[in-house]
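Chains, contacts and geometry: an overview
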Amino acid sequence: MKNVVITGVSSGIGLAITRVFVAAGYKVFGSVRKKEDALRLKEELGDSYEPLYFDLTDDDAIKAEAARVSEIVGHQGIQLLVNNGGISGGDAIMHVSIDYMKHIYDVNTLGLLRVSQAFFPLLKVSSANKSVKTKIVNISSGAGRAVRPYLGPYAATKHAVEAISDAMRRELMRYGIDVIIIEPGPIATEIWNKNKAKAGEYKYQDTDYATLFQKIDKGVEQMEHNALPAEKVGMLVLKAYTKKKPDTRYLIAPSRWMFWLAIHIIPDRWLDNMFKKQFDKIEFSK
Ligand SMILES: NC(=O)c1ccc[n+]([C@@H]2O[C@H](COP(=O)([O-])OP(=O)(O)OC[C@H]3O[C@@H](n4cnc5c(N)ncnc54)[C@H](OP(=O)(O)O)[C@@H]3O)[C@@H](O)[C@H]2O)c1
């Protein structure tokens, strides 16, 4: 049985990837932060699922769980690490707090690096057997390639994930460990609800962005409306793992061609104006 480590499996994309790999016969070690999430997943998935407990910002907890997995898997090591756990948020770049910037980097970027470093010895054990595929899949975002306004901090963390992933892929070739980036556009998960403003608690009340941020949930709802099911990302990660010669990055989005154009073809000034029109419409709507 092949061993897979996945971060952030309590909901959304991480849960979908876990279900796809368990159904395909893999053993999944999936990280959660709450005991009740672990119990719920154990109940659903049985012995194919082993909970790991850590926060992505907690070095010691991550190292301790890597040591525990090492004892369980022994000379087999782990064949796949999926760095999925992360947070998002809508923020105006000139007003976002530096503390929040540090926190979102700590979770989305440094968390991915901490987990990769801690589990690297277990990937190396696996890759010593040349007949077994050993890979890391990093869940980035379309925002790791093209930046929507008011998603600047999140996009910055995902651009960093893209750079770290490229460095990893080029540096881990010597071990035969491949690194693949998944770049989802809008996917139907809890991340959307977590991002929505709570009634009466709008951000940036004392700034020029007050009116826009009172209505910005409309933009979130537009994206949510078009979102793809998380299972599609799960299937794509399985394909990226099993394929002999996978691409280095996969964009998965409802209007994939639009993302592709935004990344490769459309000039920055055109994109600037498209986003301006989109957000003016939201700000000046009734
Ligand atoms: N949904 C989208 O449209 C979309 C698009 C592009 C990229 N992505 C990326 O996909 C990944 C998964 O997001 P999702 O949409 O599935 O969201 P989600 O349903 O909110 O899942 C996020 C997962 O990350 C975990 N997590 C958050 N902060 C953590 C921390 N400090 N330490 C440990 N675990 C933490 C959450 O655990 P708790 O339940 O304990 O909070 C949860 O299991 C993220 O990297 C996100 O950036 C999502």
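Above this text sits the structure in question.
Residues numbered from 1 in each chain as written. Predicted model: local features only at pLDDT ≥ 70, side-chain atom pairs only at ≥ 80, totals over all residues. Heavy atoms only, no water.

**Topic: the overall build of the protein chain**
Stated formally: Here a helix means four or more residues in a row that DSSP labels H or I, a strand means two or more in a row labelled E, and each is numbered from the N terminus. Partly exposed residues are those whose accessible area sits between 20% and 50% of the maximum for their type, while under 20% is buried and over 50% is exposed, using a 1.4 Å probe and protein chains only. We call two residues in contact when some of their heavy atoms are within 4.5 Å.
Regarding its fold elements, the protein chain presents 11 helices and 9 strands. By its C-alpha atoms, the protein chain is 60 × 40 × 30 Å across when sized along the principal axes. Looking at the protein chain residue by residue over its 286 residues, the buried ones come to 50%. Partitioning the intrachain contacts of the protein chain with sequence separation of at least 6 by distance along the chain shows that 71% fall at a separation of at least 24.

**Topic: the sheet that holds strand E9 (residues 249-252)**
Spelled out, the test is: In short, DSSP must find at least two bridges between two strands for them to pair. Axis geometry follows a simple rule: fit a line to the C-alpha atoms, using only the stretch in contact for helices, then measure angles between N-to-C directions, giving values from 0 to 180 degrees.
Strand order in the open sheet formed by 7 strands is E3-E2-E1-E4-E5-E6-E9, and the pairing between neighbours is parallel. Edge strands, defined here as strands with exactly one partner in the open sheet, are strand E3 (49-53) and E9. Each neighbouring strand pair of the sheet contributes to a mean axis angle of 20 degrees, computed without reference to strand direction. Two elements, strand E2 (residues 27-32) and E3, share 5 bridges in a ladder whose sense is parallel. From the neighbouring strand, Val28 faces E3, where its bridge partner is Tyr49. Of the strands in this sheet, strand E1 (3-6), E2, E3, strand E4 (80-83), strand E5 (134-139) and strand E6 (177-184) are in contact with helix H1 (residues 12-23), which crosses E1 at around 170 degrees.

**What to know about helix H11 (residues 268-283)**
For clarity, the threshold we go by: The span expected for a helix works out to 1.5 Å for each residue beyond the first. What the arc describes is the spread of directions from the helix axis to the C-beta atoms.
The terminal C-alpha atoms of H11 lie 22 Å apart, and with 16 residues this matches the ideal 22 Å at 1.5 Å per residue to within 8%. All of the buried residues along H11 are Leu271, Phe275, Phe279, Ile282 and Glu283. Looking straight down H11, one finds that the buried residues subtend no more than 100 degrees of arc, so they occupy a single side. Opposite the packed face of H11, turned more than 90 degrees from it, sit the exposed residues Arg269, Trp270, Lys277 and Lys281. The inward-facing, buried residues of H11 contact helix H7 (210-215), helix H8 (217-225) and helix H10 (256-264).

**Quick notes on the packing of aromatic side chains**
What counts, and what does not: By convention, a stacked pair of Phe, Tyr or Trp rings (six-membered ring in the case of Trp) has centres within 6.5 Å and planes under 30 degrees apart, an edge-to-face pair has planes over 60 apart, and any other such pair is tilted. Cation placement over rings: the criterion is NZ of Lys or CZ of Arg within 6 Å of the ring centroid and within 35° of the ring normal.
In this structure the tally under the stated criterion is 7 aromatic pairs. Ring centres of Tyr150 and Tyr209 lie 5.9 Å apart, and the angle between their planes is 70 degrees; on these two criteria the pair is classed as edge-to-face. Of this pair, Tyr150 sits in the loop between E5 and helix H5 (152-172) while Tyr209 is found in the loop between helix H6 (191-195) and H7, placing the two residues 59 residues apart along the sequence. Taken together, Tyr150, Tyr204, Tyr209, Phe213 and Phe279 form an aromatic cluster joined through their ring pairs. The residue whose ring lies beneath Lys27 is Phe29, and the NZ or CZ to ring-centre distance is 5.7 Å. Positioned above the aromatic ring of Tyr241, the side-chain terminus of Lys135 is 5.7 Å from the ring centre.

**Overview of the packing of helix H3 (residues 59-73) against helix H4 (residues 98-127)**
Formally: Roughly parallel refers to an angle under 35 degrees, roughly antiparallel to one over 145, roughly perpendicular to one between 65 and 115, and oblique to any angle outside these ranges. Two helices crossing with the near one rotated counterclockwise from the far one by less than a right angle form a left-handed crossing, whereas a clockwise rotation gives a right-handed crossing.
H4 packs onto H3 with a crossing angle of 20 degrees between their chain directions and a minimal axis gap of 9 Å. For the element pair H3 / H4, the angle class is roughly parallel. Helix-helix and strand crossings are classified by hand; for H3 and H4 the assignment is right-handed. Seen from H3, the contacting residues are Asp59, Ile62, Lys63, Glu65, Ala66, Val69, Ser70 and Val73; seen from H4, they are Arg114, Val115, Ala118, Phe119 and Leu122.

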